[in-house]
2 protein chains.
Amino acid sequence: MDVYLDTGEEPDKPRTRIQEINRSAILVAALDVFSIHGFRGSTVDQIAQRAGMSKPNLLYYFRRKQDIYRAVLESILADWLAPLEALDAEGDPIEELRRYISLKMRMSADNTAASRLFANEVLAGAPVIGEFLATHLKELVLRKAAVIGHWVQSGRLAPIDPVHLIFTIWATTQHYADFDAQIRAVLGQQIDRPGYREQAAQAVLSIILNGIRPR
Amino acid sequence: MDVYLDTGEEPDKPRTRIQEINRSAILVAALDVFSIHGFRGSTVDQIAQRAGMSKPNLLYYFRRKQDIYRAVLESILADWLAPLEALDAEGDPIEELRRYISLKMRMSADNTAASRLFANEVLAGAPVIGEFLATHLKELVLRKAAVIGHWVQSGRLAPIDPVHLIFTIWATTQHYADFDAQIRAVLGQQIDRPGYREQAAQAVLSIILNGIRPR
DNA sequence: CTCCGATTTGACCAAATAGTCAAGATTTTC
DNA sequence: GAAAATCTTGACTATTTGGTCAAATCGGAG
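Treat the numbers as computed from the prediction; the structure is a model and nothing was measured.

Another point: the overall build of chain A. Looking only at helices and strands, chain A has 10 helices and zero strands in total. For chain A, the C-alpha atoms occupy an extent of roughly 60 × 45 × 30 Å along the three principal directions. Within the span of chain A, comprising 215 residues, buried residues form 55% of the whole. Within chain A, residue pairs in contact and separated by at least 24 positions form 71% of the contacts whose partners lie at least 6 positions apart. Accessible area of chain A: about 10,000 Å², with a carbon and sulfur share of 51%. In chain A, which carries 25 positive and 26 negative side-chain charges, the distance between the mean positions of the two groups comes to 4 Å.

This is the structure:
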């Protein structure tokens, strides 16, 4: 599965070297801008400037603002879902979930912009990725919830609702990226201390894993 | 403490009956609009229409768009923090936290717009409430973290980082409001079933409370 | 080098939108 | 019930912004 969203592009157009460079510069710039201001709060000019080109030039690569937005979401969706996809029914439940949570925490910290872009989109009612969520994401979640459900049934996890466990994991891990400003305000410069990320990950892991360990 | 944000208003101006009515109609409308589209994505006209008045009339009550936005945030901040304020050092730790989490879940479900408004503001880097977060919120969090810290030290809670516990609670409870579109996409019409809210609350309570229960 | 398609941009347009204002309507006050 | 204060709005302005276009420039294939 290589295409998640209809980005309104020609599928097989070969790209020149310059196109390759500029398109990716635009996507990087657009991620930064959209992730902070949201779709409507961002301007094409902002993105063009950050990408180091003029607005008409940017619009030469993406004819409409919407097209840039869709392309950025598209470029991230696969990565965003990969960790859940990797949850292995054959593995040890606690270890599998530890790995999943750790990975999500790391992704959140390493790519705060992507996390915030999703948050903005979903907060606005998911106008662009709504259909994707209702099909691909739903399918993935239900499939992995079944795996977790089996773990529960076999007594290898405490009796919890698998889907809500997934929601809880998403909520906590993404919180550190999405609400960075709030966390930063509360913790001040602590947040930039070397061990901070590990400490946060450890706290989340401790609460959730102990919360679902069989009793 | 009655004023959290500088809303740029005359403090003691008495309000007429009509002012009272219209100002609150505007705040209600603005909450709905801002919470979905964010500050820059919302228009004064949208808010005016939803409040049932003309744009110039709205601007008679709030001279600038920013003023409306600040006033809405101001009108919500106190309520939003009250539950944490109520965490009682003298109570039973698990019961106190159960009450806190339940209350936050209920607030999130009953007032999704307020939750999303905050999410939008913080996501954008908290340009308006940033100072408030770094002072009042920080003070409150550290004060309550100390309470939780004592519970941990006396062995009445498992050894967890109190501040991260608070973050985890915020993350999970607000997730249900902020990411409603995503949850709705995954769960479909289930979300409107009678017992759904209780089920979600139960799942969150189960994971977190078991996660911090002394072992 | 030379030509042709690809790339770039200054200048521009149309629509959206925050905010103003003066005049008219309504409510309150005495 | 009349004057004063408050409230309301149509019409307007200035600015921002998404998007167009023709002309200029650049880059690579032969």
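As a further point, take the protein's contact with DNA strand C. Near DNA strand C lie 20 residues; those nearest to it are T16, Q19 and Y61 of chain A together with K55 and K65 of chain B. When contributions to the surface near DNA strand C are tallied by element, the ones reaching two or more residues are α1 (17-41) and α3 (55-61) of chain A together with α1 (17-41) and α3 (55-61) of chain B. Here the residues of the surface near DNA strand C sort into eight nonpolar, seven polar and five charged.

For the rest of this paragraph, the subject is the interface of chain B and chain A. Listed by partner, the interface residues are 53 residues for chain B and 53 residues for chain A. The junction of chain B with chain A conceals about 4,600 Å² of combined surface from both sides, 68% of it contributed by carbon and sulfur atoms. Sorting the residues of chain B by area buried against chain A places L123, V186 and I207 of chain B first, and these three jointly supply 16% of that buried surface. Where chain B packs against chain A, one counts zero salt bridges. For the pair chain B and chain A, the number of links is six residue pairs in polar contact (both at pLDDT 80 or more). With 12 residues, helix α8 (residues 162-178) of chain B is the single largest residue contributor to the side of chain B that touches chain A. Looking at the side of chain B that touches chain A, its residues break down into 30 nonpolar, 17 polar and six charged.

Right, let's talk about the relation of the copies chain B and chain A for a bit. Least-squares fitting of chain B to chain A yields an RMSD of 0.1 Å, with the superposition described by an axial translation of 0.0 Å and a rotation of 180°. Both chain copies can therefore be described as sitting about a two-fold axis. By C-alpha distance to the rotation axis, the residue of chain B lying nearest is G211 of chain B, at 1.8 Å. When the interface residues of chain B are mapped onto chain A, 100% of them again lie at the interface, so the same face is used by both copies.

Look at the UniProt record and you will see "domain: HTH tetR-type" (unreviewed entry) annotated at residues 20-80 of chain A. Annotated as 85% helix and 0% strand, the span residues 20-80 of chain A places its first and last C-alpha atoms 23 Å apart.

Bringing the domain arrangement of chain A into the picture now. Residue and element names in this part refer to chain A. By domain assignment, chain A separates into domain 1 (1-72) and domain 2 (86-212). Here domain 1 and domain 2 have C-alpha centroids that lie 28 Å from each other. Residue-level contacts link 13 residues of domain 1 with 11 residues of domain 2. In this assembly, domain 1 packs against domain 2 so that about 1,000 Å² is buried in total across both faces, 70% of it on carbon and sulfur atoms. Across the contact surface, domain 1 and domain 2 share zero salt bridges. For the side of domain 1 that touches domain 2, the secondary-structure elements that each account for two or more residues are α1 and α4 (65-85). The element contributing the most residues to the side of domain 1 that touches domain 2 is α1, with six residues. Class assignment of the residues belonging to the side of domain 1 that touches domain 2 gives a composition of eight nonpolar, three polar and two charged.

So, about the side chain of T172 of chain A. Summarising the element assignment, T172 of chain A is placed in helix α8 (residues 162-178). We classify T172 of chain A as buried; its relative accessible area is 1%. At 2.9 Å, the side chain of T172 of chain A and the backbone oxygen of T168 of chain A are in polar contact. Every residue in contact with T172 of chain A, bar those within four places of it in the chain, is listed here: V204 and I208 of chain A together with T168, A171 and T172 of chain B.

Following the sequence through the fold, L165 of chain A ends up in helix α8. A relative accessible area of 0% means that L165 of chain A is categorised as buried. Contacts of L165 of chain A, omitting those with residues within four sequence positions, involve L97, I148, I160, I208 and I212 of chain A together with I207 of chain B.

Parameters and conventions
- Residues numbered from 1 in each chain as written.
- Chains lettered and ligands numbered in written order.
- Predicted model: local features only at pLDDT ≥ 70, side-chain atom pairs only at ≥ 80, totals over all residues.
- Heavy atoms only, no water.
- Helix = DSSP H or I, 4+ residues; strand = E, 2+ residues; numbered from the N terminus.
- Buried < 20%, exposed > 50% of the residue type's maximum accessible area, 1.4 Å probe, protein only.
- Contact = heavy atoms within 4.5 Å.
- Areas by Shrake-Rupley, 256 points an atom, 1.4 Å probe, with all protein chains shown as cover.
- Lys, Arg positive; Asp, Glu negative; His and termini not counted.
- Charge placed at Lys NZ, Arg CZ, Asp CG, Glu CD.
- Near = heavy atom within 4 Å.
- Nonpolar A, V, L, I, M, F, W, Y, C, P; charged D, E, K, R; others polar.
- Buried area = accessible area lost by both parts, 1.4 Å probe.
- Salt bridge = Lys/Arg side-chain N within 4 Å of Asp/Glu carboxyl O.
- Polar contact = N/O pair within 3.5 Å; in protein donor to acceptor, adjacent residues only side chain to side chain.
- Least-squares fit on C-alpha atoms with pLDDT ≥ 70 in both.
- UniProt positions renumbered as here; feature names shortened; annotations may be inferred.
- Domains from an automatic or database assignment.

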